[in-house]
Amino acid sequence: MCGIVGYTGKDDAKRIIVDGLKRLEYRGYDSAGIALLVDGKLVVLKKKGKIRELESEVTCLDLVSHTGIGHTRWATHGHPTEENAHPHTDCRGEIAVVHNGVIENYMTLKEELLRKGHRFKSDTDTEVVAHLIEEERNVCSDFFEAFLRAVRKLKGSYALAVITTESPDKVFIARKDSPLVVGLGDGENFVASDIPAFLPYTNRVIFLEDFEAGIVESDCVTVTDFNGERKEKKPVTVPWSLAQAEKAGYKHFMLKEIFEQPRAIADTISGNLPWLRGESEIEGLELDGIKRIQIVACGTSYHAGLVGKFYFENLTRIPTEVDYASEYRYRNPVVDENTLVVSITQSGETADTLAAMRLAKEKGARLLTICNVIGSTATREADAVLYTYAGPEISVASTKAFTTQLTVLLMLSIFLAKVTGRDEGTEDLLSQLLQIPSKVEEFLRLEKESERVKKIALDLYRVKNMLYLGRHVNYPIALEGALKLKEISYIHAEGYPAGEMKHGPIALIDETVPVVVVATKGRVYEKVLSNLEEVKSRKGKVVAVTNEGCREVKEKSEFVIEVPEVEEFISPIVNVIPLQLFAYYIADFLGYDVDQPRNLAKSVTVE
Ligand code: M6R
């Protein structure tokens, strides 16, 4: 959603902050702004729309600044206007604030501040923070103390970065329920809501936790609790490179990330093999007495969870439920100390997923998270963590995060099968999983040469509706294919279990509604074939994802995408890739901003 960048150090703050904001563009935003400390004064610039508007004005500024903060705003309170863009300032123009999250008690605070004579310039919840610090500064001798007093009065979620003319080389920070990271440089330090913002300069970071605040200076970082008690924080080195966070010649991050999947899957396998082979332990994972598994996740991660259910139940016979994290806490789930709750989240910051985890913990469940971002909130709150090694995923539409989540889920279920003494056949499954990076590589290489998926997308990109069908372990792949198409091309698409079609959605089918069918070899192949017949007899155009040798499918389909034949359980990892590419090319042909689809944000940090 919104993005924060802060800097203090020897270099040009305005260049570094604007550059950092550009690296956070993928989070989604509708306005952007920057505040700089220049010769003891605040200079604030804000612009509606894209960062390039802000950048062209900032570049023209003839000034030198070594400390500043910047923000990309995704409107919640107040329209996306210049006045409502961050940073917000106090009455005297001496304090500037950027904020991610929602200040829930802002109306009460605002009324009080208005009574005390403060003048507001925006409709945002954030502006109260600037006035509140100004007010507190009147009653205490030190700015940081005033900042902490203000923070203690806030209710809701916030990541805050604040600068003030009275301490021109410091950035003040605080966090509750919204991510904030400090990047440690050499004679310079950074603050950001996301690591890619400062990745060109450093990958050594300090993760701020909830109820922590701090002062960032060029040569030191002080972290305290909200009462000012000092806290020791250990810096962490994040194994992400700058190249991973750049487009590297690809037109879009999404396309680059699709093509990165062979490497991402291979890294995920090798990163997790030690515990699967018994050479290490999954730290914090206590499995004794586990009677059921509950998976909680949102969006694409939820679809990975649906595949995970097949894995867990088939390989371990442990009953497994999958919940949308946003629903979980409202359904009064049956969960206790014998439940293993597995949360799946690329970012580790999705508010709904974190809330589901907290509820499960409260009820005594054991928490395992599958996550891509080291040090994120989910990884700190779970009892045990399994990482996907996908590298930074910048495009809003999740691709490599998904296939690496499936990889970890399969490895985890093999591990649980071994633990529960049901390991027959698992070695074979594992050795087939090890082949997957090269199979995916092969598919992507052929696609580059033949442009098969791209050509089908060119034929179909003008349609208004599409149906995606799959069965068994590939039913979630139909859901994921439809989600990909919806989110970046704005074409209405529905995913359905192929066998369910005759109970309703079949009414939608005619010659104008292409039907994408995942029809690869496996135990339901024949069944899918009959579903495909049902589509054909309603004049539906079939796009089939199938294997070499599936003659019957090919004969009945207008468009055929051949994928390598792999073990059925592993097939979702391969079968989803053409669907990702199909959605990508359609969105690109339609001329949409693939990496930043409308109304969407990369990590959804509000409920
Ligand atoms: O970071 P998370 O995995 O928790 O995010 C969950 C969803 O918001 C995310 O997967 C979303 O559905 C993606 N935009 C899908 O491409």
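First things first, this report covers the structure right here in the doc. No experiment lies behind these values; they were computed from the predicted model shown.

Within the protein, the secondary structure is distributed over 19 helices and 24 strands. In terms of principal-axis extent, the alpha carbons of the protein reach across some 80 × 55 × 45 Å. Look at the contacts in the protein between residues 6 or more apart in sequence, and 71% of them connect residues 24 or more apart. Accessible surface, the protein: about 23,200 Å² in total, of which carbon and sulfur atoms supply 47%.

Turning next to helix α13 (residues 426-433). Buried within α13 are the following residues: Thr-426, Leu-429, Leu-430 and Leu-433. Viewed along the axis of α13, the buried residues span an arc of 100°, placing them on a single side of the element.

With that out of the way, let us pick up the pairing of strand β13 (residues 221-225). The pairing of strand β12 (residues 212-216) with β13 spans five bridges and is antiparallel. Within the sheet, the bridge partner assigned to Val-216 lies in β13 and is Val-221. Connecting β12 to the next strand, β13, in antiparallel fashion are four residues.

Right, let's talk about the site of the ligand for a bit. By nearness alone, 13 residues border the ligand, and Ser-301, Thr-345, Ser-347, Thr-350 and Glu-487 come closest of all. A distance of 3.0 Å separates an oxygen atom of the ligand from a polar atom in the side chain of Lys-484. Here an oxygen atom of the ligand and a side-chain polar atom of Glu-487 are 2.3 Å apart. Starting from 410 Å² of accessible surface for the ligand in isolation, the protein chains cover 91%. With respect to the pocket detection grid, the ligand is positioned in the largest pocket. Taken together, the elements giving at least two residues each to the shell around the ligand come down to α8 (299-316) and α16 (475-489). In terms of residue count, α8 provides more of the shell around the ligand than any other element does, three residues in total.

Quantified by volume, the largest pocket comes out at close to 490 Å³. In terms of lining residues, the largest pocket is bounded by 25 residues, among which Cys-298, Gly-299, Ala-601, Lys-602 and Val-604 are the most central. Going through the elements one at a time, α8, β17 (339-345), α10 (351-362) and α16 are the ones with two or more residues in the lining of the largest pocket. Looking at the lining of the largest pocket residue by residue, the class counts come to nine nonpolar, eleven polar and five charged. As a volume, the second largest pocket reaches approximately 380 Å³. Lining the second largest pocket are 22 residues, with Asp-177, Ala-351, Arg-358, Thr-605 and Glu-607 sitting closest to its centre. Going through the elements one at a time, β7 (156-164), β8 (171-176) and α10 are the ones with two or more residues in the lining of the second largest pocket. No other element matches α10, which puts seven residues into the lining of the second largest pocket.

What follows concerns helix α12 (residues 400-419). Taking 1.5 Å as the rise per residue, α12 with 20 residues should run 28 Å; its terminal C-alpha atoms sit 29 Å apart, in good agreement. Most of α12 is tucked away, with 18 of its 20 residues classed as buried.

The next subject is the nonpolar core. With 91 residues, the main nonpolar core has Tyr-468 and Phe-582 as its most contacted residues. The leading source of residues in this core is helix α19 (residues 571-589), at twelve residues. Not counting the four nearest positions on each side in its chain, Phe-582 is found in contact with Val-453, Ile-456, Ala-457, Leu-460, Met-466, Tyr-468 and Val-516. Membership of the second largest hydrophobic core comes to 34 residues, among which are Tyr-29, Ile-34, Val-205 and Ile-394.

Here the focus is empty space enclosed by the protein. Taken as a whole and judged by the stated rule, the model has three cavities of 30 Å³ or more. In this structure, the largest cavity encloses a volume near 240 Å³. Together, 21 residues line the largest cavity, and Tyr-26, Asp-194, Trp-240, Ser-347 and Val-373 are the ones closest to its centre. Residues belonging to the lining of the largest cavity are distributed by class as follows: ten nonpolar, six polar and five charged.

Where two aromatic rings form a pair, the distance of their centres and the angle of their planes describe that pair. Tallied over the entire structure, the rule returns 16 aromatic pairs. Ring centres 6.1 Å apart and planes at 25° place the aromatic pair Phe-144 and Phe-172 in the stacked group. Residue Phe-144 is found in helix α5 (residues 143-152), and its partner Phe-172 is found in strand β8; the two are separated by 28 residues along the sequence. Since its relative accessible area comes to 11%, Phe-144 is described here as buried. On the numbers, 5.1 Å between centres and 15° between planes, the contact of Phe-190 with Tyr-201 is stacked.

Here we come to the environment of Ala-96. Structurally, Ala-96 can be placed in strand β6 (residues 95-103). Note: C-alpha distance between Ala-96 and Lys-464 (368 residues apart in sequence) is 46 Å. Residue contacts for Ala-96: discarding those within four places in its chain leaves Ala-35, Leu-42, Ile-69, Pro-87, His-88, Thr-89, Ala-161, Val-162 and Ile-163.

It is worth spelling out the pairing of strand β18 (residues 366-371) at this point. Remark: a regular strand shows side chains that alternate across the two faces of the sheet. Here β18 lies mainly inside the structure; six of its six residues are buried. Alternating residues of β18 divide into Arg-366, Leu-368 and Ile-370 and Leu-367, Thr-369 and Cys-371, and every residue in both groups is buried. With six bridges connecting them, β17 and β18 associate as parallel partners. Each bridged residue has a counterpart across the sheet, and for Val-341 the counterpart in β18 is Leu-367. After leaving β17, the chain enters α10 and then returns to the sheet as β18, a path that is right-handed. Across four bridges, the pairing between β18 and strand β19 (residues 384-387) is parallel. If you follow Thr-369 over to β19, its bridge partner there is Val-385.

Relative to each other, helix α4 (residues 127-137) and α5 sit at 125°, their axes nearing to 8 Å. Judged on the interaxial angle alone, α5 and α4 are oblique. Seen from above, α4 lies across α5 with right-handed handedness. Contact residues: α4 offers Leu-132, Ile-133, Glu-136 and Arg-137, while α5 offers Phe-143, Ala-146, Phe-147, Arg-149 and Ala-150.

Moving on: the environment of Gln-346. Along the chain, Gln-346 turns up in the loop between β17 and α10. Owing to a relative accessible area of 10%, Gln-346 belongs among the buried residues under this scheme. Considered as a pair, Gln-346 and Asn-372 are 26 residues apart in the sequence and their alpha carbons are 4.8 Å apart. With residues near it in sequence (within four places) discarded, Gln-346 still touches Ser-301, Cys-371, Asn-372, Val-373, Glu-393, Ala-401, Gln-405 and Lys-602.

What counts, and at which threshold
Residues numbered from 1 in each chain as written. Predicted model: local features only at pLDDT ≥ 70, side-chain atom pairs only at ≥ 80, totals over all residues. Heavy atoms only, no water. Helix = DSSP H or I, 4+ residues; strand = E, 2+ residues; numbered from the N terminus. Contact = heavy atoms within 4.5 Å. Areas by Shrake-Rupley, 256 points an atom, 1.4 Å probe, with all protein chains shown as cover. Buried < 20%, exposed > 50% of the residue type's maximum accessible area, 1.4 Å probe, protein only. Arc of directions from axis to C-beta. Pairing = 2+ DSSP bridges. Near = heavy atom within 4 Å. Polar contact = N/O pair within 3.5 Å; in protein donor to acceptor, adjacent residues only side chain to side chain. 1 Å grid on protein atoms, 1.4 Å probe; cavity = no way out; pocket = protein on both sides within 12 Å on 5 of 7 lines; lining within 4 Å. Sits in = over half its atoms within 2 Å of the grid points. Points joined across faces, edges and corners; volume = space filled by probe spheres on them. Nonpolar A, V, L, I, M, F, W, Y, C, P; charged D, E, K, R; others polar. Expected span 1.5 Å × (residues − 1). Core = buried A, V, L, I, M, F, W, Y, C linked by side-chain atoms within 4.5 Å. Phe/Tyr/Trp six-rings, centres within 6.5 Å; stacked < 30°, edge-to-face > 60°. Right-handed = clockwise from strand over helix to strand, strands pointing away. Axes fitted to C-alpha atoms, helices over the stretch in contact; angles between N-to-C directions. Parallel < 35°, antiparallel > 145°, perpendicular 65-115°, else oblique. Left-handed = near helix turned anticlockwise from the far one by under 90°.

Function-wise, these values are silent; they only describe arrangement.
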